[in-house]
Amino acid sequence: MTFAVYMPPQAKEGKVPCLWYLSGLTCTYENAMTKAGSQAHAAKHGVALVFPDTSPRGDDVPDDEAYDLGQGAGFYVNATEAPWAEHFQMETYIAKELQELVVNAFPVEAGCQGIFGHSMGGHGAITLAVKYPDTYRSLSAFAPIANPTGTDWGRKQLTAYLGDNEENWRGHDASLRIAEGDWDRDLLVDQGDGDEFLSLLQPEKLTDAIAKAGVDGTVRLQPGYDHSYYFVSTFIPDHLAWHAEKLG
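If you're wondering where the values come from, they're calculated on a predicted model, not measured in any experiment. (Residues numbered from 1 in each chain as written. Predicted model: local features only at pLDDT ≥ 70, side-chain atom pairs only at ≥ 80, totals over all residues. Heavy atoms only, no water.)

### What about unusual backbone geometry?
Of note, the bond from A82 into P83 is cis; its omega dihedral lies within 30 degrees of zero at 0 degrees. Within the secondary structure layout, P83 lies in the loop between β3 (48-51) and α3 (90-105). Even without glycine at this site, S119 takes up a positive phi of about 60 degrees. By secondary structure assignment, the location of S119 is in the loop between β4 (108-117) and α4 (120-131). (Helix = DSSP H or I, 4+ residues; strand = E, 2+ residues; numbered from the N terminus.)

The following block contains the structure:
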């Protein structure tokens, strides 16, 4: 596994808050690191950034011919089904293994961390924050896969990784988890209304879940924006400022 870390200048003086960015389908750790334009804003706010990969890699790691399953498409779950289970333990990798490594190797505050991501990474950010609220104090997302149990961007992968029992999928669906009251803090979500994948992302399901749970959440539909990193880079200053405020 390969990942990147950006340390702001303030880290020379002591430990700093840490923000985790989870990328989307087909991405590696490099996409957001080079395209999102986040480092300057992280430096301004004194926040470290961690960019993990989206799946295990290597010749001995299972893969699929489709872009949305296998390498580059780990969906941030712990797979239980063959042939994925041996390597695709992305939840444990992000929330525990890499978490421990980063906290021990870099001057970041273990109790002052947030998480955000794009598309599949937005799905991962929300579901991991809900499951590990003591680890992640702030949460936001760009165009997250909001209801994976209800669309082809989710049902295919959850079946492959977790099996046919849909009850095992519920913990990995942002809209279901929030609707059930599993997140009691605020969150920020940006979604482009020109996104070519709107029918797969289903932001309206997340909006409904936030309203049902009474969560202080904001879902902003941004006119004309698509699913690209131009969209992410445009609104990442807002997200960095938002997280910095939550993390103190």
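### Points about the nonpolar core
Grouped together as the largest cluster of nonpolar side chains are 73 residues, with contacts concentrated most on W20, I94, I115, Y136, Y161 and I178. For this core, the element with the most residues is helix α9 (residues 229-247), which contributes seven residues. For Y136, the contacting residues outside a window of four places in its chain are W20, I94, A95, Q99, Q113, G114, I115, L128, A129, W183 and R185. (Core = buried A, V, L, I, M, F, W, Y, C linked by side-chain atoms within 4.5 Å. Buried < 20%, exposed > 50% of the residue type's maximum accessible area, 1.4 Å probe, protein only. Contact = heavy atoms within 4.5 Å.)

### Regarding the sheet that holds strand β7 (residues 217-222)
The pairing of strands in a sheet comes from backbone hydrogen bonds and takes either a parallel or an antiparallel form. If you trace the seven strands from one edge of the open sheet to the other, you get β1-β3-β2-β4-β5-β6-β7, paired in mixed fashion. Looking at the sheet topology across the chains shown, the edges are occupied by β1 (4-6) and β7. Neighbour to neighbour, the strand axes of the sheet diverge by 20 degrees on average, direction disregarded. Both strand β6 (residues 187-192) and β7 contribute to a ladder of six bridges, which runs parallel. Bridge assignment links D190 to a residue of β7, and that residue is R220. Sitting on the sheet, α4 is in contact with β2 (16-22), β4 and β5 (138-142), with an inclination near 135 degrees to β4. (Pairing = 2+ DSSP bridges. Axes fitted to C-alpha atoms, helices over the stretch in contact; angles between N-to-C directions.)

### Comments concerning the packing of aromatic side chains
A complete count under the given rule lists eleven aromatic pairs for this structure. Plain terms: the ring middles of F142 and F231 are 6.1 Å apart, the flat faces sit at 90 degrees to each other, and that makes the pair edge-to-face. Pair noted here: F142 is in strand β5 and F231 is in helix α9, with a separation of 89 residues, a long-range link. Grouping residues by exposure puts F142 and F231 together as buried. Geometrically, the ring pair formed by W153 and F197 is tilted, given 4.8 Å between the ring centres and 35 degrees between the ring planes. Placement of W153 in helix α5 (residues 152-162) and of F197 in the loop between β6 and α7 (198-201) is noted, with a sequence separation of 44 residues between them. The partly exposed category is assigned to F197, whose relative accessible area is 25%. Here the aromatic residues Y21, F51, F116, F142, Y225, F231 and F235 are joined through ring pairs into a cluster of three or more. (Phe/Tyr/Trp six-rings, centres within 6.5 Å; stacked < 30°, edge-to-face > 60°.)

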